[in-house]
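What the coordinates show
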Amino acid sequence: MVRRDVTESLRELGIQLAQLNRRVSGRLGLRDVDMDCLDLISRLGPIGPGALARTAGLHPATVTGILDRLERDGWIVRERAPEDRRAVLVRALAQRGGEVFQQFAGMNGAVRQICSDYDAEELRVIAEFLERVADAGRSATAALEEEN
């Protein structure tokens, strides 16, 4: 029963986070996939377009269009890689990051409050569980990709 409860809670969490992300994307004038890529760029960047495409599970041509929109609207910049001037890296613009952070302030505050109900060891277990679930999601996605 408990395993099913966890599975159902994860499914509900996925739905709620998807709805929140759609709402935030809409408020910022971004497409959902653009928002996903902006998040990856913010967390992993500077990052090359090819690496972004692989991480996001998108075709490189699709990522080019996304980057064009994000750059046009002032969310990111493309820069030459210092170690290889032929390569391009994408970096999120910090001044726009505050706009995204503001939209997630309610959720971030709620998560901080929820975390305050747990001690450090419990939070470590929760974080490990969530990392393992994310890894399982990546593995399942890769397996489906290999079937194509």
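Residues numbered from 1 in each chain as written. Predicted model: local features only at pLDDT ≥ 70, side-chain atom pairs only at ≥ 80, totals over all residues. Heavy atoms only, no water.

**Here we look at the overall build of the chain**
Counting secondary structure elements, the chain contains seven helices and two strands. Tracing the chain from N to C terminus, the helices and strands come up as α-α-α-α-β-β-α-α-α. Each principal axis of the C-alpha atoms in the chain carries an extent, and together these give about 55 × 40 × 30 Å. Put simply, the chain has 148 residues, and 19% of those count as buried. Expressed as a percentage of contacts within the chain between residues at least 6 apart in sequence, the contacts between residues at least 24 apart total 43%. Surface accessibility of the chain: about 10,500 Å² in total, with carbon and sulfur atoms responsible for 54%. Charged side chains of the chain number 21 positive and 24 negative; the gap between the two group centres comes to 5 Å. (Helix = DSSP H or I, 4+ residues; strand = E, 2+ residues; numbered from the N terminus. Buried < 20%, exposed > 50% of the residue type's maximum accessible area, 1.4 Å probe, protein only. Contact = heavy atoms within 4.5 Å. Areas by Shrake-Rupley, 256 points an atom, 1.4 Å probe, with all protein chains shown as cover. Lys, Arg positive; Asp, Glu negative; His and termini not counted. Charge placed at Lys NZ, Arg CZ, Asp CG, Glu CD.)

**Looking at a nonpolar patch on the surface**
A grouping of V2, V6, I114, Y118, I126, F129, L130 and V133 is seen on the molecular surface, where their side chains present a nonpolar patch of about 660 Å² in accessible area. Only α1 (2-28) and α7 (120-147) provide two or more residues apiece to the nonpolar patch. Per element, the largest residue contribution to the nonpolar patch is four residues, and it comes from α7. Mapped onto the elements of the fold, F129 is located in helix α7. (Patch = residues over 30% accessible without salt bridge, like charges linked within 9 Å, V, L, I, M, F, W, Y side chains within 5 Å. Salt bridge = Lys/Arg side-chain N within 4 Å of Asp/Glu carboxyl O.)

**A closer look at α1**
Taking 1.5 Å as the rise per residue, α1 with 27 residues should run 39 Å; its terminal C-alpha atoms sit 38 Å apart, in good agreement. By the burial criterion, the buried members of α1 are V24, S25 and L28. Where α1 is buried, its residues meet α2 (32-44) and α5 (94-103). (Expected span 1.5 Å × (residues − 1).)

**Focus: the pattern of salt bridges**
A side chain of one charge can pair with a side chain of the opposite charge if their charged atoms are brought near each other. Using the criterion set out here, one finds 12 salt bridges in the structure. One salt bridge connects R69 with D34, and the closest N-O pair in it is separated by 2.7 Å. Linking R69 in helix α4 (residues 60-72) with D34 in helix α2, this pair joins segments that are 35 residues apart in sequence. Residues R69 and D34 agree in their burial class; the two are buried. Of the charged contacts in the structure, one is a salt bridge between E128 and R124, with a shortest N-O distance of 3.1 Å. With E128 and R124 both in helix α7, this residue pair falls four residues apart, about one helical turn. Of the residues examined, E128 reaches a relative accessible area of 35% and is grouped as partly exposed. Here R124 falls in the partly exposed class, since its relative accessible area comes to 44%.

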